[in-house]
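Tertiary structure, described
If you want the building blocks of each chain, they are given just below.
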Amino acid sequence: MGVGSFPLLMAGIVVRPRARILHGNDWVFSNEVLKVFGEPADGEVISIKDGRDKMLGSAIWNSKSQIVARRFSHRRQDLDLDFFKRRIAQAADYRARRQVNPRLHRVVWSESDGLPGVILDRYSDQFVLQLTTLGMDQRKEMIVEAIESGIGFQPMVQGGHGLEAHATIIERSDAAVRRTEGLQPMTGILRGEARECEFEICGVKFLIDLLSAQKTGFYLDQLPHYPAVAELASGKRILDCFTNEGAFALTCARAGAAEVIGVEMQPNAVAAARESAKRNQLTARWVEQDVFAYLRAAEKAGAQFDLIILDPPSFTKTKSGIRDAIRGYRELHLRAFKLLSRDGILATFSCSHHISDAILSETISAALVDARRSARRLRRFEQALDHPVVPTMPETEYFKGVLLEMKPSI
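One structure accompanies this document, and this report is about it. Since this is a predicted model, take the numbers as computed values, not measurements. (Residues numbered from 1 in each chain as written. Predicted model: local features only at pLDDT ≥ 70, side-chain atom pairs only at ≥ 80, totals over all residues. Heavy atoms only, no water.)

1. Things to note about the overall build of the protein
Assigned secondary structure in the protein consists of nine helices and 22 strands. Referenced to the eigenvectors of the C-alpha coordinate spread, the extents of the protein come out at roughly 75 × 65 × 35 Å. With 410 residues in all, the protein has 53% of them scored as buried. Put simply, 62% of the contacts in the protein that link residues at least 6 apart link residues at least 24 apart. Here the protein has roughly 19,100 Å² of accessible surface; of this, 49% comes from carbon and sulfur atoms. Averaging the coordinates of the 55 positive side-chain charges in the protein and doing the same for the 51 negative ones gives two points 6 Å apart. (Helix = DSSP H or I, 4+ residues; strand = E, 2+ residues; numbered from the N terminus. Buried < 20%, exposed > 50% of the residue type's maximum accessible area, 1.4 Å probe, protein only. Contact = heavy atoms within 4.5 Å. Areas by Shrake-Rupley, 256 points an atom, 1.4 Å probe, with all protein chains shown as cover. Lys, Arg positive; Asp, Glu negative; His and termini not counted. Charge placed at Lys NZ, Arg CZ, Asp CG, Glu CD.)

Here's what the structure looks like:
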């Protein structure tokens, strides 16, 4: 069913006068609904109207979620194959214009690309799809078909030496947020054949298994920041906290760091980091330990580092967890500041949406006071261009960071 083919009595909702969708946001929460009409089924396309019967757009409905409606178009539009092809093509075109790495990037970023609950990453000829909303999950096959036809996907072909030149679509719909939509985690191969994926960052080659790696494979939102940090590493003692598979640590090692230590508590990530170091003939020491425990022990031992990287996982997924998250960030930065050399550098990141730039800045300032240190800010870090932020939807912005240089005491 395409544009103009809706039934005359399309199901929908009327929103309350102060609903955020009236101010440009694309989400409608359950407490913002004034009236539901037409008995929509969960996952169905509905219309959104204001109190004056003005059409505000089309959305996917899910009564089981706190976000009951997610708008995907400002007009009357169905979720058909043509729609998915157009939206994916638009997303790919945006990234081509931004000149992101064509074979290593996020192709679709959910609401930022008008596809709520759809995340698609590209690793060479392998694509990783994550679906987090019921309406999109119900249309999985249609989305896969649109991917195949829309972004240069080459199906498996018979070549002169057997099967070759094929692409793969892997599903990694195992994010915890699916539970809020009443969905179970799903992983598997949707098209093609999964195999280890090799790619290069700052001259360092990584080999990952997209079916079992972190999230949708790798932290693509950090791609622009690896070279920015690595260019500061030559001759320095480096401590990479929450190193995961060692991307910051190894790019710093290749840039000529004097010493590199990566700390991570996930055994499989540490094993992958070790393997990458060996493959690239780079020297680093890997510590499988809780970062907070390591930092406390390093302080007691009188350790000093010239460059520390803090790239922790999200400390809170909800507003109610902000206070505890702030305490965690404050302690983390306090420990790091105490370990930095006289003019040491800190590269620190946060991927917690609920921790704003202002909160992070205030927390860092408080930790500096606690540590009796002073610093100069060298630059800010933002989301990579393939993770676009929509100003009217603050939920699309989650990533922030800062680069600080310690200011010597007089």
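From this point on, the discussion continues.
2. Concerning unusual backbone geometry
The phi dihedral of Glu39 is positive, around 50°, even though this residue is not glycine. Here Glu39 lies in the loop between β3 (33-37) and β4 (45-49).

3. Details of the nonpolar core
Of all hydrophobic cores here, the largest spans 44 residues; its most connected members are Tyr123, Phe199, Phe218 and Val229. Setting aside residues no more than four positions away along its own chain, Phe218 makes contact with Tyr123, Phe199, Ile201, Phe206, Ile208, Tyr226, Glu245 and Ala247. Formed by 32 residues, the second largest nonpolar core is a distinct cluster that contains Val291, Leu295, Ile364 and Val402. (Core = buried A, V, L, I, M, F, W, Y, C linked by side-chain atoms within 4.5 Å.)

4. Points about the environment of His387
Among the secondary structure elements, His387 is positioned in the loop between β21 (375-382) and β22 (400-406). Along the sequence, His387 and Ser124 sit 263 residues apart, while their C-alpha atoms lie 18 Å from each other. Beyond its immediate stretch of four places on either side in the chain, His387 contacts Arg106, Trp109, Leu220, Asp221 and Tyr398. At 2.9 Å, the side chain of His387 forms a polar contact with the side chain of Asp386. (Polar contact = N/O pair within 3.5 Å; in protein donor to acceptor, adjacent residues only side chain to side chain.)

5. A closer look at the pattern of salt bridges
Going through the model one piece at a time under the given rule, you end up with 24 salt bridges. The partner of Asp53 in a salt bridge is Lys49, and the shortest N-O contact between them spans 3.3 Å. When its relative accessible area of 54% is taken as the criterion, Asp53 is described as exposed. Asp93 serves as the salt-bridge partner of Arg97, at 3.0 Å between the closest nitrogen and oxygen. Note that Arg97 and Asp93 are positioned in helix α1 (residues 81-97) at a spacing of four residues, about one turn of the helix. Within this structure, Arg296, Glu299, Glu331, Arg335 and Lys338 form a network of salt bridges that share partners. (Salt bridge = Lys/Arg side-chain N within 4 Å of Asp/Glu carboxyl O.)

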